[in-house]
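One letter stands for each residue in the lines below.
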Amino acid sequence: MGKAKKRSLHLGINDRFSKLSREEAVKTVVDLLKKGSPDVYSLVTLFGLTAEEILEAGASYETVVGIENILK
């Protein structure tokens, strides 16, 4: 994890996570998408996740299309 991501996490942008790998972030995004949580946007933009990664982790196509404006 880079310095900027560590700083962002330390500043409290994502209070629930102290250290988060990219794989864990993808799994967390899928779980948050299923719940409809607004925290999805911060994690997707923080890690620069792609639609393919989120779809492979188990998210539905319709959900990913709904957030396509923030995906790379």
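Notes on the structure follow. (Residues numbered from 1 in each chain as written. Predicted model: local features only at pLDDT ≥ 70, side-chain atom pairs only at ≥ 80, totals over all residues. Heavy atoms only, no water.)

### What to know about the overall build of the protein
For the protein, the count of helices and strands is 5 helices and 0 strands. N-terminal to C-terminal, the α/β element order of the protein is α-α-α-α-α. Counting over 72 residues, the protein shows a buried share of 33%. Counted over contacts in the protein with a minimum sequence separation of 6, partners at least 24 positions apart contribute 49%. For the protein, the exposed surface amounts to about 4,800 Å²; the carbon and sulfur share of it is 51%. (Helix = DSSP H or I, 4+ residues; strand = E, 2+ residues; numbered from the N terminus. Buried < 20%, exposed > 50% of the residue type's maximum accessible area, 1.4 Å probe, protein only. Contact = heavy atoms within 4.5 Å. Areas by Shrake-Rupley, 256 points an atom, 1.4 Å probe, with all protein chains shown as cover.)

### As for the environment of Ile70
Within the secondary structure, Ile70 is located in the segment after helix H5 (61–66). When residues no more than four places from it in sequence are discounted, the contact partners of Ile70 are Tyr41, Val44 and Thr45.

### A word on the packing of helix H2 (residues 22–35) against helix H3 (residues 40–47)
Taken N-terminus to C-terminus, the directions of H2 and H3 make an angle of 155°; their axes are 9 Å apart at the nearest point. In terms of their interaxial angle, H2 and H3 are classed as roughly antiparallel. Every pair of crossing elements has a handedness; the one defined by H2 and H3 is left-handed. Contacts between H2 and H3 involve Arg22, Ala25, Thr28, Val29, Leu32 and Leu33 from the first element and Val40, Leu43, Val44 and Phe47 from the second. (Axes fitted to C-alpha atoms, helices over the stretch in contact; angles between N-to-C directions. Parallel < 35°, antiparallel > 145°, perpendicular 65-115°, else oblique. Left-handed = near helix turned anticlockwise from the far one by under 90°.)

### Regarding a nonpolar patch on the surface
Together, Leu55, Tyr61 and Val65 line one region of the surface with nonpolar side chains, adding up to about 270 Å² of accessible area. Of note, Leu55 is situated in helix H4 (residues 51–56). The class for Leu55 is partly exposed, based on a relative accessible area of 32%. (Patch = residues over 30% accessible without salt bridge, like charges linked within 9 Å, V, L, I, M, F, W, Y side chains within 5 Å. Salt bridge = Lys/Arg side-chain N within 4 Å of Asp/Glu carboxyl O.)

### Notes on H2
End to end, H2 covers 20 Å across 14 residues, agreeing with the expected 20 Å (1.5 Å per residue, within 8%). Every buried residue of H2 is accounted for by Ala25, Val26, Thr28, Val29, Val30, Leu32 and Leu33. Looking at the buried side of H2, the elements it contacts are H3, H4 and H5. Positive backbone phi, approximately 80°, marks Gly36, located one or two places after H2. (Expected span 1.5 Å × (residues − 1).)

### So, H3
When we look at burial in H3, the residues that qualify are Val40, Leu43, Val44 and Phe47. Seen from one end, H3 has its buried residues packed into an arc of 95°, which puts them on one side. Looking one or two places after H3, you find Gly48, whose phi comes out positive at around 65°. (Arc of directions from axis to C-beta.)

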